[in-house]
Amino acid sequence: MKNNVPSEEVFRLIDDAVKGDKTALESLLTDVQDMVFNLSLRMLGTIPDAEDATQEILIRIMTNLASFRKECAFSTWVFKIATNHLKNYKKSMFANRPLSFEYYSEDILNGNTGDIPDMTQNIDSNILSDELKMSCTNVMLQCLDPASRCIFILGTMFKLDSRIAGEILNLSPDTYRQRLSRTRKKMAGFLSEYCGLGGGVCNCRKRINYAISTHRLNPQNLEYSSLESHEDSAILDYTCAMEQIDDIAMIFNHMPLYRSATAARNFISDLLKTDLFKTIQQ
């Protein structure tokens, strides 16, 4: 939920939704949808998988709403549901094709990028480069195991403080900080050696044609460019209380947040027309 919505108002909406108020339920789901989508995108690495997982998580939120005990912020509860779902998600592209930093570095060093003809189809190279950067950084996160990936995303990209993040992941704040620090160092080591964003050898612009030839980039289907960036810094009801860590992995902190696609936003209104809505009152 957003910063400008008091907890009392959120709790009132929850009570009304559990009693059968569809407008209140739609407001609750709409307010957390972008948050869930962005978490899903970082955890799963592709937009289609993130959209599918977001819908499943929203259904879980709706059908379990009556179990929310108001012992934490609603968004903390939503994060718990979402992270538990995503850490064990088996239907994504990378669930059965796990990546590693070793595989990624091998591809960067030995991928044949020099003998490929122009495949840009007259699309601006700046647009293609940005598309590749957005795709690559999300895919790069898949080199981390699910638990480490979740810790890294919550701390670096969502900027949750260690107390809240630890509560979400059932870790003590100290344990969470230690694991986050280790994961950041691991990511920073890879970035500094291999990724151009961190001073490494790779360059998105030089890899455009290679990415197109290997079907990692489609000039006629620029998924990230079609998403609307979320400029509202109040997408979460948390402030940036995480300790300042000046390491190279913090480049992920500057990756944009996105609004859910129009089709995904329509999912909520369609969902409320189904019999699933009745389950929250049981």
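Residues numbered from 1 in each chain as written. Predicted model: local features only at pLDDT ≥ 70, side-chain atom pairs only at ≥ 80, totals over all residues. Heavy atoms only, no water.

Before going further, it helps to examine the nonpolar core. By size, the foremost hydrophobic cluster in this structure holds 75 residues, and its most contacted members are I61 and F74. Listed in part, the 7 residues of the second largest apolar core include L132, A211, I212 and L222. (Core = buried A, V, L, I, M, F, W, Y, C linked by side-chain atoms within 4.5 Å. Buried < 20%, exposed > 50% of the residue type's maximum accessible area, 1.4 Å probe, protein only.)

Our next topic: the pattern of salt bridges. Evaluation of the coordinates by the stated rule reveals 10 salt bridges. R207 is the partner of D107 in a salt bridge, and the nearest nitrogen-oxygen pair spans 2.7 Å. Note that D107 is positioned in helix α5 (residues 101–110) and R207 in the loop between α9 (173–194) and α10 (208–213), a separation of 100 residues in sequence. Take D107 and R207: they sit in the same class, and that class is buried. The closest approach of N and O atoms between R177 and D174, which form a salt bridge, is 2.1 Å. Remark: D174 and R177 occur in helix α9; sequence separation between them is 3 residues, near one turn of the helix. When its relative accessible area of 30% is taken as the criterion, R177 is described as partly exposed. (Salt bridge = Lys/Arg side-chain N within 4 Å of Asp/Glu carboxyl O. Helix = DSSP H or I, 4+ residues; strand = E, 2+ residues; numbered from the N terminus.)

Given a rise of 1.5 Å per residue, 16 residues ought to cover 22 Å, and the 21 Å separating the end C-alpha atoms of helix α6 (residues 125–140) matches this to within 8%. Among all positions in α6, only L128, S129, E131, L132, M134, S135, T137, N138, V139 and M140 are buried. Its side-chain oxygen placed 2.7 Å from the backbone nitrogen of N126, D124 serves as the N-cap of α6. (Expected span 1.5 Å × (residues − 1). Polar contact = N/O pair within 3.5 Å; in protein donor to acceptor, adjacent residues only side chain to side chain.)

The next subject is the packing of aromatic side chains. Under the defined criterion, the tally for this structure stands at 9 aromatic pairs. Measuring from centroid to centroid gives 5.9 Å for F11 and F68, while their planes differ by 50°, and the two rings are tilted. Remark: F68 occurs in the loop between α3 (47–63) and α4 (74–87) and F11 occurs in helix α1 (residues 7–18); sequence separation between them is 57 residues. Look at F74 and W77: their rings are 5.7 Å apart centre to centre, the planes differ by 25°, and that puts the pair in the stacked class. Pair noted here: F74 and W77 are both in helix α4, with a separation of 3 residues, about one helical turn. The two residues F74 and W77 agree in class, both being buried. An aromatic cluster of at least three residues, connected via ring pairs, comprises F11, F68, F74 and W77. (Phe/Tyr/Trp six-rings, centres within 6.5 Å; stacked < 30°, edge-to-face > 60°.)

Running from N to C, helix α2 (residues 22–44) and α4 cross one another at 35°; their axes reach a closest spacing of 10 Å. Read as a crossing pair, α2 and α4 show a hand that is right-handed. Of the residues in α4, those touching α2 at L28, V32, M35, V36, L39, S40, M43 and L44 are F74, S75, V78, F79, A82, T83, L86 and K87. In terms of residue class, the contact of α2 with α4 is made up of 12 nonpolar, 3 polar and 1 charged. (Axes fitted to C-alpha atoms, helices over the stretch in contact; angles between N-to-C directions. Left-handed = near helix turned anticlockwise from the far one by under 90°. Contact = heavy atoms within 4.5 Å. Nonpolar A, V, L, I, M, F, W, Y, C, P; charged D, E, K, R; others polar.)

Here we take up the environment of G200. When you line up the elements, G200 lands in the loop between α9 and α10. Here G200 falls in the buried class, since its relative accessible area comes to 16%. Measuring from C-alpha to C-alpha, the distance between G200 and G189 comes to 9.7 Å, with 11 residues separating the pair along the chain. Among all residues touching G200, those that are not within four sequence positions of it are L191, S192, E193, Y194 and C195.

In short, the description is geometric, and any link to function would need to be established separately.
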